[in-house]
Each structure stands twice: as structure tokens, then as C-alpha cells.
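What follows is the residue order along each chain.
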Amino acid sequence: MRAEAKYYINPTDGTIKDDLNAVRQRAKCTELYQGTVNIGDIMNERARELYWEEWRNVELKRVSLCLARSGKPDEWGNVYNLDNFDKQSGTDAIGGSYWYQRIVHYSLYNKGIIHVNATGLSDIKYTMDKRICTGRFQMWRLPPTLKAS
């Protein structure tokens, strides 16, 4: 969490990697981060560290909102906007939330027909609309009377 908070304050902070490396060293990893890390590195490390402990869907929605609020870029250079990041639709690779971008980059969704050597259905096409990944952000927004100043 500290590495993520540092990222939102200053993405080029050289101490972000030290926070990630402390976790990796505790886990006896020999490959440590060198140089500048990005939000993708932080999220990948959180996924490994908290694999059975966190709900990834909720985590990626939270980070989508944080990136939109901070205006900081993700690992692909996308910058999100509070006005529209959770209101888009479609299955193209452009736009959507950080949640959507992670799904498109790291899964079989929206990649066209995938041939599986199996009996029965062998040509599968997984699709996911941006609305599926971004809906329900209202739970993260503060009511007007509680907005931070």
C-alpha cells in the first residue's frame, strides 16, 4: 500500500522499488526491482502477495478510481479521467478503466476466436464490454455532504 501511495504522489520516486523489494526479500525472491517501477509492477506484486487474501475485482476497481483521481498514467501510458472512465462501453482496446485494460492485456478476452483442441465447442470467443469492468463505482464516491475538501 505504501508503494502505491508513493506512486500517486510521485511516480518517479526511487524509493517505491525499495518498498516492493522489501516484500520480495521477505518472500526469499532473488529477482528484485531495479530503477523506476510503475503501477503495473505494484499491482502485479500485490496480486502475488495477496493472492488468497484480497478480492481482485474490488482491488482493480479501487485502483481504477485512484488513477482517475490522481491523473497518473498506468503502465501502458493511459491516463484516466473522473468524468468518463466508468461510463464507457464497447470491446475495443482504447479507453475504459484500468480494470478493463488489465483484463484486455492479461487474459483471453477481446482477442478474437481462440481455437481449443477439444471435443464439442472448439472455437471460443471471449468478449467483455467496458461497462462490465467499470460499473458500480458509486460505492466509492462520497455523498456530496461528505466530499473531502
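Just so you know, these numbers come straight off a predicted model, no measurement behind them.

Novice: Sorry, what's going on with the nonpolar core here?
Specialist: Generally speaking, soluble globular proteins have nonpolar side chains that are buried together. Counting residues in hydrophobic clusters, the biggest one holds 21 residues, and the most contacted among them are Y7, I39, I42, V63, L67 and Y98. Elements with a minimum of two residues in this core: α1 (2-9), α2 (16-26), α3 (39-49), α4 (56-70) and α5 (98-106). It is α4 that contributes the most residues to this core, five residues altogether. For L67, the contacting residues outside a window of four places in its chain are Y7, Y8, I39, K72, P73, D74, Y80 and Y98.

Novice: Is there a simple way to explain α1 in this structure?
Specialist: When α1 is considered as a whole, its buried residues turn out to be A3, E4, K6, Y7 and Y8. Elements in contact with the buried residues of α1: α2, α3 and α4.

Novice: Help me out: how do you make sense of the pattern of salt bridges in this one?
Specialist: Close approach of charged atoms lets side chains of opposite charge pair. What the rule picks out here adds up to ten salt bridges. The residue R24 makes a salt bridge to E45 at a minimum N-O spacing of 2.9 Å. Separated by 21 residues along the polypeptide, R24 in helix α2 and E45 in helix α3 bring together distant segments of the chain. For the residue pair R24 and E45, the accessibility class agrees, reading buried in each case. We note a salt bridge from E59 to R46, for which the minimum N-O separation is 2.6 Å. Of the two residues, E59 sits in helix α4 while R46 sits in helix α3, which places them 13 residues apart along the sequence. Of the residues examined, E59 reaches a relative accessible area of 8% and is grouped as buried.

Novice: Whenever I open this one, the packing of α3 against α5 confuses me. Can you help?
Specialist: Between two packed helices, both the angle of their axes relative to each other and the distance between the axes serve to describe the pair. It is the contact of α3 with α5, at a shortest axis distance of 13 Å, that shows an interaxial angle of 75°. One element, α3, and the other, α5, form an angle in the roughly perpendicular class. Along the contact surface, α3 presents I39, G40, M43 and N44, while α5 presents Y98, R102 and Y106. Here the residues of the contact of α3 with α5 are counted per class, giving four nonpolar, two polar and one charged.

Conventions and cut-offs
- Residues numbered from 1 in each chain as written.
- Predicted model: local features only at pLDDT ≥ 70, side-chain atom pairs only at ≥ 80, totals over all residues.
- Heavy atoms only, no water.
- Core = buried A, V, L, I, M, F, W, Y, C linked by side-chain atoms within 4.5 Å.
- Buried < 20%, exposed > 50% of the residue type's maximum accessible area, 1.4 Å probe, protein only.
- Helix = DSSP H or I, 4+ residues; strand = E, 2+ residues; numbered from the N terminus.
- Contact = heavy atoms within 4.5 Å.
- Salt bridge = Lys/Arg side-chain N within 4 Å of Asp/Glu carboxyl O.
- Axes fitted to C-alpha atoms, helices over the stretch in contact; angles between N-to-C directions.
- Parallel < 35°, antiparallel > 145°, perpendicular 65-115°, else oblique.
- Nonpolar A, V, L, I, M, F, W, Y, C, P; charged D, E, K, R; others polar.

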